[in-house]
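Listed here are the chains, written in short residue letters.
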Amino acid sequence: MLPRFKVLLSAAVFSLSLSGAVFSGAALAADAPGYGPQLQGFDYPFPLKNFSFNSQGAPLQMGYLDVPPTGHKNGQTVVLMHGKNFCAATWGDTISALVSKGYRVIAPDQVGFCSSTKPSHYQYSFQQLATNTHELLKSLKISKAVIVGHSTGGMLATRYSLMFAPEVSKLVLVNPIGLEDWKAKGVPYRTVDQWYDRELKTSADSIKQYELKTYYVNKWKPEYDRWVDMLAGLNNGPGHKLVAWNSALIYDMIFTQPVVYEFKNLRVPTTLMIGTADTTAIGSDIAPPAVKAKIGHYNVLGKQVAKMIPHAKLIEFKGLGHAPQMEEPEKFNATLLKTLSR
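Residues numbered from 1 in each chain as written. Predicted model: local features only at pLDDT ≥ 70, side-chain atom pairs only at ≥ 80, totals over all residues. Heavy atoms only, no water.

- Going by an unreviewed UniProt entry, the protein carries the name Alpha/beta hydrolase and comes from Rahnella ecdela.

## Some points on the sheet that holds strand 3 (residues 48-55)
- With respect to topology, 8 strands assemble into an open sheet ordered 3-4-6-5-7-8-9-10, the strand pairing being mixed. The sheet is open, and its two borders are formed by strand 3 and strand 10 (313-317), each paired with just one other strand. Neighbour to neighbour, the strand axes of the sheet diverge by 20° on average, direction disregarded.
- Looking at chain direction, strand 5 (residues 77-81) and strand 6 (residues 104-108) are connected through 3 bridges and run parallel. Opposite threonine 77, over in strand 6, you have arginine 104 as the bridge partner.
- Along the sheet, helix 2 (residues 126-139) makes contact with strand 3, strand 4 (58-67), strand 5 and strand 6, crossing strand 3 at roughly 120°.
- Across the sheet, helix 11 (residues 329-341) touches strand 5, strand 7 (145-150), strand 8 (168-174), strand 9 (270-275) and strand 10, and the angle it forms with strand 8 is around 155°. (Pairing = 2+ DSSP bridges. Helix = DSSP H or I, 4+ residues; strand = E, 2+ residues; numbered from the N terminus. Axes fitted to C-alpha atoms, helices over the stretch in contact; angles between N-to-C directions. Contact = heavy atoms within 4.5 Å.)

## Considerations on the packing of aromatic side chains
- The tally for this structure, following the rule as stated, stands at 16 aromatic pairs.
- Both rings, one in phenylalanine 51 and one in phenylalanine 53, keep their centres 5.1 Å apart while their planes meet at 10°; by these two values the pair is stacked.
- Assessed through its relative accessible area of 12%, phenylalanine 53 is described here as buried.
- On the basis of an interplanar angle of 45° and a centroid distance of 6.0 Å, the ring pair of phenylalanine 317 and phenylalanine 332 is categorised as tilted. (Phe/Tyr/Trp six-rings, centres within 6.5 Å; stacked < 30°, edge-to-face > 60°. Buried < 20%, exposed > 50% of the residue type's maximum accessible area, 1.4 Å probe, protein only.)

## Points about the side chain of glutamate 199
- As for its position among the elements, glutamate 199 is in helix 4 (residues 192-200).
- Of the residues examined, glutamate 199 reaches a relative accessible area of 8% and is grouped as buried.
- Not counting residues up to four positions away in its chain, the partners in contact with glutamate 199 are Lys84, Asn235, Ala244, Ser247, Ala248 and Tyr251.

## Concerning the pairing of strand 5
- For strand 5, a buried count of 5 out of 5 residues is recorded, marking the element as mostly surrounded by other parts of the structure.
- Taking the sense of rotation as the criterion, the β-α-β connection linking strand 5, helix 1 (residues 92-100) and strand 6 turns out right-handed.
- Pairing of strand 5 with strand 7 involves 4 bridges; the strand directions are parallel. In the strand pairing of strand 7, valine 79 is matched with isoleucine 147. (Right-handed = clockwise from strand over helix to strand, strands pointing away.)

## Overview of the pairing of strand 4
- In terms of burial, strand 4 is largely enclosed, as 7 of its 10 residues are buried.
- In this structure, strand 3 lies alongside strand 4, joined through 8 bridges in antiparallel fashion. Bridging across to strand 4, asparagine 50 finds its partner in glycine 63.
- Both strand 4 and strand 6 contribute to a ladder of 4 bridges, which runs antiparallel. Looking across to strand 6, one finds that valine 67 is bridged to valine 105.

## A word on the nonpolar core
- Counting residues in hydrophobic clusters, the biggest one holds 109 residues, and the most contacted among them are Ile95 and Ile254.
- When residues in this core are grouped by element, the largest group, 10 residues, is from helix 7 (residues 240-256).
- With residues up to four places along the chain from it excluded, the contact list for isoleucine 254 reads Lys84, Phe126, Thr152, Met155, Ile177, Trp182 and Ile282. (Core = buried A, V, L, I, M, F, W, Y, C linked by side-chain atoms within 4.5 Å.)

## Some points on helix 1
- Taken residue by residue, helix 1 has Gly92, Thr94, Ile95, Ala97, Leu98 and Val99 as its buried positions.
- Trailing helix 1 by a residue or two, glycine 102 shows a phi angle of about 95°, which is positive.

## Some points on empty space enclosed by the protein
- Taken as a whole and judged by the stated rule, the model has 1 cavity of 30 Å³ or more.
- Counted as a void, the largest cavity has a volume near 40 Å³.
- Considering the residues around the largest cavity, the lining is formed by His82, Gln110, Phe113, Phe126, Leu129, Thr152, Gly153 and Leu156.
- Of all the secondary structure elements, the ones that give two or more residues to the lining of the largest cavity are helix 2 and helix 3 (152-163).
- In terms of residue count, helix 3 provides more of the lining of the largest cavity than any other element does, 3 residues in total.
- When its residues are assigned to classes, the lining of the largest cavity shows 4 nonpolar, 4 polar and no charged. (1 Å grid on protein atoms, 1.4 Å probe; cavity = no way out; pocket = protein on both sides within 12 Å on 5 of 7 lines; lining within 4 Å. Points joined across faces, edges and corners; volume = space filled by probe spheres on them. Nonpolar A, V, L, I, M, F, W, Y, C, P; charged D, E, K, R; others polar.)

## Thoughts on the environment of serine 120
- Tracing the sequence through the fold places serine 120 in the loop between strand 6 and helix 2.
- The spatial distance from the C-alpha of serine 120 to the C-alpha of glycine 63 is 18 Å, given a sequence separation of 57 residues.

Okay, structure coming up:
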């Protein structure tokens, strides 16, 4: 059973408008988790900070974690980029492991996700999100960093490393999506409106069933419930339509802006860390059987992309799914620390 939501708003009804629509917290099911549109009410593992900036004519905020080293400082900073169904908070175990070894860790929530602004209108691109992140790092006076990207964050980390190569000391891609071009392989296109309708139907049960199969290879642990709660609460909260709209825009970005063709252009030391049982593929739920059968094979994709990236190193986690840093955090963190120490 997911915990009941905490209401942190003083007003009895919290409403937002999007394209003339008004939606209210009164419509929420009483037994569903519910957090604010910027994940208000969800507990982050470290103090959450906010970066305010202007982008595309609007004032925006990025929530982020900036965690100093607890061990002997090694002078290095690691930037952790989350995936589509993840947040800075999901990096908690990895952050603890890194700071204990002297790293400073920055973990931002990208615009449209988690604790950050959900704009009613935004032209999403990986270039834009990379620029936003670069501005955050500039504000923190960080001129060089290790970039670690998971899932959709792997596509963003790739784009960031292509745009700002001199400021990237190492690139680590953890089960990144975008190792293949789904539309080129025959996955049907969804319009933003179709994505929006799909996202409005998101529930705690649908989240858990998807994560069970894809992220954790049909092996559920009680600690995963917190991450279902996080996503379900965001989707069921008073800003659920705005959350769904941004999610639809982001899915369109992911599907239409492949990075696979540019892996060959990376010029930073790169390591791929791949859970081989991962089957993530955007649009696989509507793909024809013949197409679905040939996409999402990370046991093959990891090896293929490692050959595309100059001098890349491939580390495979046999039998693990889409989120090895959450499925086996001790093993993953030990491997990451060894990779960064080289």
